[in-house]
Amino acid sequence: MTSNPTSFRTASPQQMAQALQHARDYTLSLFDCFAAAGMDVAERVPQLRIVNPPLWELGHTAWFAEWFILRAADSSHPADAHGHCLLSKGDDWFDSARVPHRSRWTLDLPSTGALKTYCREVLDRVLDKLSREPNDDAALYPYRLALAHEDMHGEALLYTLQTLGLPAPERAAHNGHQLFAPSEISFPGRTIQLGSAEGNGFVFDNERQTHAFRVAPFTIDSTLVTNAQYADFIGDGGYDNRQFWSGAGADWLMRQERSAPRYWQRDGGQWRTVRFGQPATLAGAEPVRHLNLYEAQAYCSWAGRRLPTEAEWEYAALSGHPAFRWGQLWEWTASPFDAYPGFQADRYREYSEPWFSTHQTLRGASFATPPRFVNARFRNFFLPERDDIFAGFRTCAWPG
């Protein structure tokens, strides 16, 4: 998979208008899945650390676009927006930096109908303003930021549907993975340019600054580890043998009392799973998903392999090698999420910097990622224990 030619990073005003409308329609279609289950009311939504009340999330995405586009905020600092929110208490409700996660279940939010009206009004005004913008990176920056933000929340809403066992829209839940024969690819050592260059569209702050980075020779899987391969690890006592687990991984395993990946269920001599609330066959040749970093590391230890670094992954993904397949699931890497040299936070100040060193980098994309968002240089990041996301992994050989 390669970067899509209609990437949001370089989209024209006309392309951006279509993308913003598409993103909002998708957000609303996902929200309606929660509403159909009565979960547009916050108190009916389980209070889990890994989800937000859908009504709050709906309002937050529209508020974010209003903040950076309509109110032309210089940054995410509370004093840096111009004018007032269209909602009298919008800033108090929807500023994620100021509204603690646990409090989002007890806010006196407007009704579902009122928030949908707010979403429509914000989008109408955004599209009107966009129609007068030049095709210029600086002018389009806030629109691209708001679109990326909504696309990320769209994917988050989809894995929340999975977490809560709710049906998803058919087009969103479709994940007919192409199956490829596994193989290994060897790459020679090389100095690569890591990160995204300025001056060619939108760049996330954690991708800056572009810098030379020496990658030693390495050998990497062409495809992701499959369900069948991971089942072999389980069958060989992988979850019972602590020698395969890191210290942090063993601590997590002891707290969870886990003996298989999230959603795996034994049915006689076979494994089955649950997809958006429905039982499903666990196809052996499909990439294994809903694994956290510790499970990926343990498998690697058992197999005598290792996870790729994010530099190795980026080198392979941008190499053009026809056998290197990516984009089905996010992929755990061996790299903690840290700043590149010369890092400076962008307008959305809380996007990267608060999560350095505590989160782990994932690369690639998933079946739930909009094609316009897919980019081989994008750095995703989550806490190591997260297994609700659409993530898998591939392995590398140890040197020598």
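Residue numbering note: each chain is counted from 1, following its sequence as written. A pLDDT threshold of at least 70 governs which residues receive local features in this predicted model, and a stricter bar of 80 or more applies before side-chain atom pairs are shown or counted, although totals over entire chains, interfaces and linings include all residues. The side-chain numbers reported here are obtained from all heavy atoms of the structure, hydrogens and water having been left aside.

Caption draft 1: Here's a closer look at the overall build of the chain. Helix numbering and strand numbering both begin at the N terminus, where a helix is a DSSP run of H or I of at least 4 residues and a strand a DSSP run of E of at least 2. Each helix and strand in the chain was counted, giving 10 helices and 13 strands. Radius of gyration here is computed from C-alpha atoms only, and the compact-globule reference equals 2.2 Å multiplied by the residue count raised to the power 0.38. For the chain, whose C-alpha radius of gyration is 21 Å, the value lies close to the compact-globule estimate of 21 Å for 400 residues. In terms of overall dimensions, the chain has a C-alpha envelope of 60 × 50 × 35 Å along the principal axes. By residue count, 57% of the 400 residues in the chain fall in the buried class. Contacts spanning at least 24 positions in sequence make up 77% of the contacts within the chain whose residues lie at least 6 apart. In this description, accessible areas are obtained by the Shrake-Rupley approach with a 1.4 Å probe, and a residue is regarded as covered only by the protein chains that are shown. Working note: accessible area of the chain is about 17,000 Å², and carbon and sulfur atoms make up 50% of it. Two residue types count as positive, namely Lys and Arg, and two as negative, namely Asp and Glu; His and chain ends fall outside the count. Just so you know, the charge point we use is NZ for Lys, CZ for Arg, CG for Asp and CD for Glu. A gap of 1 Å separates the mean positions of the 38 positive and 46 negative side-chain charges of the chain. A simple rule labels every residue: compare its accessible area, found with a 1.4 Å probe on the protein chains alone, to the largest value its type can have, and call it buried under 20%, exposed over 50%, or partly exposed in between. Here, two residues are considered to be in contact whenever any of their heavy atoms come within 4.5 Å of each other.

Caption draft 2: Focus on the sheet that holds strand β7 (residues 278-281). Judged by pairing direction, the sheet is antiparallel, and its 3 strands sit side by side in the order β5-β6-β7 without closing on themselves. Strand pairing shows two members of the sheet lacking a second neighbour, β5 (265-267) and β7, which therefore form its edges. Across the sheet, the mean angle from the axis of one strand to that of its neighbour is 45°, orientation sign disregarded. At least two bridges found by DSSP between two strands is the condition for calling them paired. Relative to strand β6 (residues 270-275), β5 runs antiparallel, the two being bridged by 3 bridges. Its bridge partner being in β6, Asp-267 is matched across the sheet by Gln-270. Structural elements are reduced to axes, namely lines fitted to C-alpha atoms, with helices fitted over the stretch in contact, and the angle between N-to-C directions of any two is expressed from 0 to 180 degrees.

Caption draft 3: Broad picture of the nonpolar core. Ranked by size, the top nonpolar core spans 123 residues in total, and within it Leu-158, Leu-161, Tyr-230, Trp-245, Trp-332 and Phe-393 carry the most contacts. Looking at which element gives the most residues to this core, the answer is helix α5 (residues 137-164), with 13 residues. By nonpolar core we mean a set of buried residues, namely Ala, Val, Leu, Ile, Met, Phe, Trp, Tyr and Cys, connected to one another through side-chain atoms within 4.5 Å.

Caption draft 4: Region of interest: the packing of aromatic side chains. Note on ring pairs: Phe, Tyr and Trp rings are taken, using the six-membered ring of Trp, and paired if centres are within 6.5 Å. Classes follow the plane angle, with under 30 degrees stacked, over 60 edge-to-face and the rest tilted. Per the counting criterion, the structure on display carries 43 aromatic pairs. Ring geometry for Phe-64 versus Tyr-348: centroids 5.0 Å apart, planes at 70°, classification edge-to-face. Within this pair, whereas Phe-64 is found in helix α2 (residues 54-70), its partner Tyr-348 is found in the loop between β9 (330-336) and β10 (360-364), the two being separated by 284 residues in sequence. Residue classification places Tyr-348 among the buried residues on the basis of a relative accessible area of 17%. Considering the side-chain rings of Phe-187 and Phe-218, the 5.3 Å spacing of their centres and the 25° angle between planes classify their relative orientation as stacked. Of this pair, Phe-187 sits in strand β1 (residues 184-187) while Phe-218 sits in strand β4 (residues 218-221), placing them 31 residues apart in sequence. Note on accessibility: Phe-187 and Phe-218 belong to one class, buried.

Caption draft 5: The pairing of β7, seen in detail. As defined by bridge partners, β6 adjoins β7 across 4 bridges and the pair is classed as antiparallel. From the neighbouring strand, Thr-273 faces β7, where its bridge partner is Ala-280. Taking the residues that link successive antiparallel strands as the turn, the β6-β7 hairpin has 2 residues, and the phi of Phe-276 there is positive, at about 50°.

Caption draft 6: Examining the state of the cysteines more closely. Any two cysteine sulfur atoms within 2.5 Å of one another count as a disulfide. Inspection of every chain in the model, using the stated rule, returns 0 disulfides. Unpaired in terms of disulfides, Cys-33 finds its nearest cysteine sulfur in Cys-119, a separation of 16 Å. Sulfur of Cys-119: no disulfide; nearest cysteine sulfur belongs to Cys-85 and is 11 Å away. A residue is classified by how much of its surface remains accessible, and Cys-119, at 1% relative accessible area, is buried.

Caption draft 7: Broad picture of the pattern of salt bridges. Criterion for a salt bridge: a side-chain nitrogen of Lys or Arg within 4 Å of a carboxyl oxygen of Asp or Glu. Taken as a whole and judged by the stated rule, the model has 26 salt bridges. A salt bridge links Asp-128 to Arg-132; its shortest N-O distance comes to 2.8 Å. You can call Arg-132 exposed: its relative accessible area is 58%. Note that Arg-144 is salt-bridged to Asp-137, the shortest N-O span being 2.8 Å. Note on Arg-144: relative accessible area 2%, which makes it buried. What makes Asp-137 partly exposed here is its relative accessible area of 34%. Among the charged side chains, a salt-bridge network with shared partners connects Glu-310, Glu-314, Arg-363, Arg-377 and Arg-379.

The values reported here are purely geometric and, on their own, carry no functional implication.
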